[in-house]
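These are the residues of each chain, in order.
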Amino acid sequence: MSSSADLDLAALHPQLPSPLQEVEDDRFAHRGLRLLLKRDDLIHPELIGNKWRKLAPNLAAAADRTVVTFGGAYSNHLRATAAAGRLLGLPTIGVVRGQELADRPLNPSLARCAADGMRLHFVDRSTYRRKTEKDVLARVLRTVGAQDAYVVPEGGSNAEAVRGCRSLGEELRGRADVVGLACGTGGTLAGLAAGLAPGQRALGVPVLKGGFLSADIQALQERAFGGRCGEWTLDDRFHFGGYARVLGELDTFAADFEDRHGVPVERLYVAKLLYGLVALADEGAFARGTTVAAVVTGRPFPQEPSTVSR
């Protein structure tokens with residue numbers, strides 16, 4: 001990447017390391033536990049949380065090429081990529097899951113992408129599922145006229161992103177025993193675990209159904225580091241039906257957490273993580289004296305689907 005583009009990234013002034021905030025929560029305290037919030041939501045007002053950590057190395061690799069990436073209708077990753085394109089003057093194209101969405105008004109999330117200059121291209125769900133196949137990807141790139149583009153995978157999770165997320169673990173060395181993180185594609189957890197010190201554990205809470213994430217995380221670590229790194233586990237019980245599904249119980253929980261601690265709770269990822277950590281504390285999953293850190297990877301976006309999926 002050219003030096004001028006490097007200067008552009010530095011000029012965005014990310015707040016790193018992100019703040020680590022202790023909160024007094026009786027659901028943890030009465031079990032002899034401490035709860036810390038790793039406020040990655042404060043890194044940058046538009047490239048929020050793990051999106052900065054994952055996108056920055058990919059933007060450096062893209063240089064001045066068009067960036068093509070993938071996501072669903074409410075993708076935080078698409079919004080962050082679009083914002084990065086606007087801030088850095090890079091053309092961006094978002095390949096969106098669901099051809100049927102092409103003829104509908106844009107939801108607030110996709111409208112934000114378009115306002116930031118991202119060109120949206122909708123594909124049918126069968127094509128989207130096969131987007132990593134070489135011939136399918138080549139066809140999509142031809143269709144959007146971007147054969148020479150830099151391609152960032154769905155969720156931004158590739159070897160560059162995983163290595164970028166290792167700094168999250170490094171910032172938490174010696175600060176917590178267990179670090180909880182909501183997982184979509186697994187890239188942030190793969191990097192987080194690699195950056196933690198021996199004796200610390202990363203705990204992933206997947207927000208999608210399926211139980212496939214463990215193999216994906218291992219594969220990401222192999223590509224980034226040559227093999228499995230750090231101690232990490234997953235708990236698949238807190239997806240609430242899948243991505244962009246937030247039932248009334250979870251919405252109520254998130255609102256209560258906001259009232260208790262004055263911290264805005266993003267519903268698609270962060271609320272599921274916090275709910276899971278409270279449930280695990282109640283189950284006695286953490287030994288007395290354990291310090292638990294929850295990574296706050298995002299902030300609420302207006303009109304998230306959580307408010308309608310009851």
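Participant: I'm lost on the pairing of strand S7 (residues 178–183) in this one. Help?
Facilitator: With 6 of its 6 residues buried, S7 lies for the most part within the structure. The alternating pattern of S7 places Val178, Gly180 and Ala182 on one face and Val179, Leu181 and Cys183 on the opposite face, and all of these are buried. In this sheet, strand S8 (residues 201–206) lies alongside S7 in parallel orientation, the contact comprising 6 bridges. Among the inter-strand pairings, Gly180 is bridged to a residue of S8, identified as Leu203. Considered for its hand, the β-α-β crossover made up of S7, helix H9 (residues 187–195) and S8 is right-handed.

Participant: Is there a simple way to explain the pairing of strand S9 (residues 231–234) in this structure?
Facilitator: Within a regular beta strand, the side chains point alternately toward one face of the sheet and then the other, so they alternate between its two faces. Here 4 bridges tie S8 to S9, and the two strands are oriented parallel to one another. Its bridge partner lying in S9, Ala202 is registered against Trp232. In this view, the connection linking S8 to its parallel neighbour S9 by way of helix H10 (residues 213–225) has right-handed handedness.

Participant: For this particular structure, what's the right way to read the pattern of salt bridges?
Facilitator: Close approach of charged atoms allows side chains with opposite charge to pair. Inspection of every chain in the model, using the stated rule, returns 22 salt bridges. A salt bridge links Asp256 to Arg27; its shortest N-O distance comes to 3.8 Å. With Asp256 in helix H11 (residues 248–261) and Arg27 in helix H2 (residues 26–29), the pair connects residues that are 229 residues apart, well separated along the chain. With a relative accessible area of 30%, Asp256 lands in the partly exposed category. Glu133 serves as the salt-bridge partner of Arg130, at 3.1 Å between the closest nitrogen and oxygen. Residue Arg130 is classed as partly exposed on the basis of its relative accessible area, which comes to 34%.

Participant: What's the story with the side chain of Lys38 in this structure? I'm lost.
Facilitator: Tracing the backbone shows Lys38 in strand S2 (residues 34–38). You can call Lys38 buried: its relative accessible area is 2%. The contact partners of Lys38, leaving out residues within four places of it in the chain, are Pro17, Ser18, Pro19, Leu20, Arg53, Leu168, Glu171, Leu172, Ala294, Val295 and Val296.

Participant: Honestly, helix H12 (residues 270–283) in this entry has me stumped. Any pointers?
Facilitator: Residues spaced three or four apart along an α-helix point in a common direction, a consequence of the helix completing one turn every 3.6 residues. Look at H12: 20 Å from first C-alpha to last across 14 residues, which is about the 20 Å you get at 1.5 Å a residue. In terms of burial, H12 is a largely internal element, 12 of the 14 residues being buried. Considering only its buried residues, H12 is in contact with H2, S2, S7, S8, H11 and strand S10 (291–295). Within two residues after H12, Gly284 carries a phi angle of roughly 80 degrees, on the positive side.

Participant: What am I meant to see in the packing of helix H8 (residues 159–171) against H9 here?
Facilitator: The geometry of a pair of packed helices is captured by two quantities: the angle between their axes and the separation between those axes. For the pair H8 and H9, the least separation of the axes is 6 Å and the interaxial angle reads 50 degrees. In this view, H8 runs oblique relative to H9, as classed from their interaxial angle. The element H8 and its partner H9 pack so that their crossing is right-handed. Residues Val162, Cys165, Arg166, Leu168, Gly169 and Glu170 of H8 pack against Gly187, Thr188, Ala190, Gly191, Leu192, Ala194 and Gly195 of H9.

Participant: I'm lost on the sheet that holds strand S3 (residues 67–71) in this one. Help?
Facilitator: Across a sheet, strands are paired by hydrogen bonds formed along the backbone, either parallel or antiparallel in direction. Ordered by their spatial adjacency, 4 strands build an open sheet running S5-S4-S3-S6, and the pairing between neighbours is parallel. Strands at the two margins of the open sheet, each flanked by one partner only, are strand S5 (119–123) and strand S6 (150–151). Where strand S4 (residues 92–97) meets S5, 5 bridges bridge the pair, whose relative direction is parallel. The residue bridging Val95 from the neighbouring strand is His121, located in S5.

About the criteria used
Residues numbered from 1 in each chain as written. Predicted model: local features only at pLDDT ≥ 70, side-chain atom pairs only at ≥ 80, totals over all residues. Heavy atoms only, no water. Buried < 20%, exposed > 50% of the residue type's maximum accessible area, 1.4 Å probe, protein only. Helix = DSSP H or I, 4+ residues; strand = E, 2+ residues; numbered from the N terminus. Pairing = 2+ DSSP bridges. Right-handed = clockwise from strand over helix to strand, strands pointing away. Salt bridge = Lys/Arg side-chain N within 4 Å of Asp/Glu carboxyl O. Contact = heavy atoms within 4.5 Å. Expected span 1.5 Å × (residues − 1). Axes fitted to C-alpha atoms, helices over the stretch in contact; angles between N-to-C directions. Parallel < 35°, antiparallel > 145°, perpendicular 65-115°, else oblique. Left-handed = near helix turned anticlockwise from the far one by under 90°.

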